[in-house]
Structures are given as C-alpha cells and as structure tokens.
Amino acid sequence: MTNDEQQLAALLNTLPGRDEADFWRGVKAAAGLSRIRATMSAAVREAEEGVFGSLAGLVLDAFGQDARHKALTDVLAGHLGGTLQARGWIADAVTAAGRIKRASTADPLETLAKKW
C-alpha cells in the first residue's frame, strides 16, 4: 500500500461506517450522487485486494466538486468537529485520491511527449 493509499484509507476511516445511514444519506445528497453506501462498500472491498482506483474515484466524485463544497463541508462538520476540520478533511482526501488516480494512469511523460 502506498502512502497516498494509506492516507486515503485513514481519512475515510475517520468517517462513520456503513451502519450510519443518516450520515451517508447526507453525504449522498450533498454530493448529488445517486448511490454511495453500496458504491463505497464495493470500493473498499477492491481496496482490500490492493486496487484503490474505485475508492479514489468515489472520493473525487463525492468530495471534489467545487459547486457542492459548502454542502459537503456542512455534512462533515457535524461529525468531524467543525467547519475547519471538514474543509481540511476534504482537501486532504481529494489530494490523496488525485495522486492515487494519477499514479494509476499511463506514464505522464509519455503522454506529454505524444501531445508535443
């Protein structure tokens, strides 16, 4: 497991689990997603097998939206202890997820060379 994968898992571990349906309904509504608990459960199972792409993608889809930042911050603030903690959590999670997604893509230098 890479440092980014470990960090993302640790950040997600600070949130309630599947049984906290009200929390996840709030995240789902704030993020504008049609499903979250089942998607999160499947992504966690894949991560247990060493494939973090789905988990990183879910975090980016759910928390990486500027237009929904305030609503997500409000949902997380109640659980994490405040707005600043929620903003920090979102920033850390999106950063780690972004690095995971970039690390699983093709060689960026090769892609850049093809562009130029």
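Residues numbered from 1 in each chain as written. Predicted model: local features only at pLDDT ≥ 70, side-chain atom pairs only at ≥ 80, totals over all residues. Heavy atoms only, no water.

S.K.: I keep staring at the packing of aromatic side chains and nothing clicks. Help me out?
M.R.: Any pair of aromatic rings gets described here by the distance separating the centres and the angle formed by the planes. The full count for this structure, using the stated rule, is 2 aromatic pairs. Residues Phe 23 and Trp 24 carry aromatic rings whose centres are separated by 5.1 Å and whose planes lie at 90° to one another, so their mutual orientation is edge-to-face. Judged by centre distance (5.0 Å) and plane angle (70°), the ring pair of Phe 63 and Trp 89 falls under edge-to-face. With Phe 63 in helix α4 (residues 53-63) and Trp 89 in helix α6 (residues 83-103), the pair connects residues that are 26 residues apart, well separated along the chain. The residues Phe 63 and Trp 89 share a single accessibility class, namely buried. (Phe/Tyr/Trp six-rings, centres within 6.5 Å; stacked < 30°, edge-to-face > 60°. Helix = DSSP H or I, 4+ residues; strand = E, 2+ residues; numbered from the N terminus. Buried < 20%, exposed > 50% of the residue type's maximum accessible area, 1.4 Å probe, protein only.)

S.K.: Explain helix α5 (residues 69-80) here, please?
M.R.: Think of an α-helix as 3.6 residues a turn; residues three or four steps apart then line up on the same face. Along its 12 residues, α5 runs 15 Å from first to last C-alpha, staying within 8% of the 16 Å computed at 1.5 Å per residue. Looking only at α5, the buried set comprises Leu 72, Thr 73, Leu 76 and Ala 77. Seen end-on, α5 carries its buried residues on one side only, within an arc spanning 140°. Buried positions along α5 lie against α2 (21-31), α4 and α6. Looking one or two residues past α5, Gly 81 carries a phi angle of roughly 100°, positive in sign. (Expected span 1.5 Å × (residues − 1). Arc of directions from axis to C-beta. Contact = heavy atoms within 4.5 Å.)

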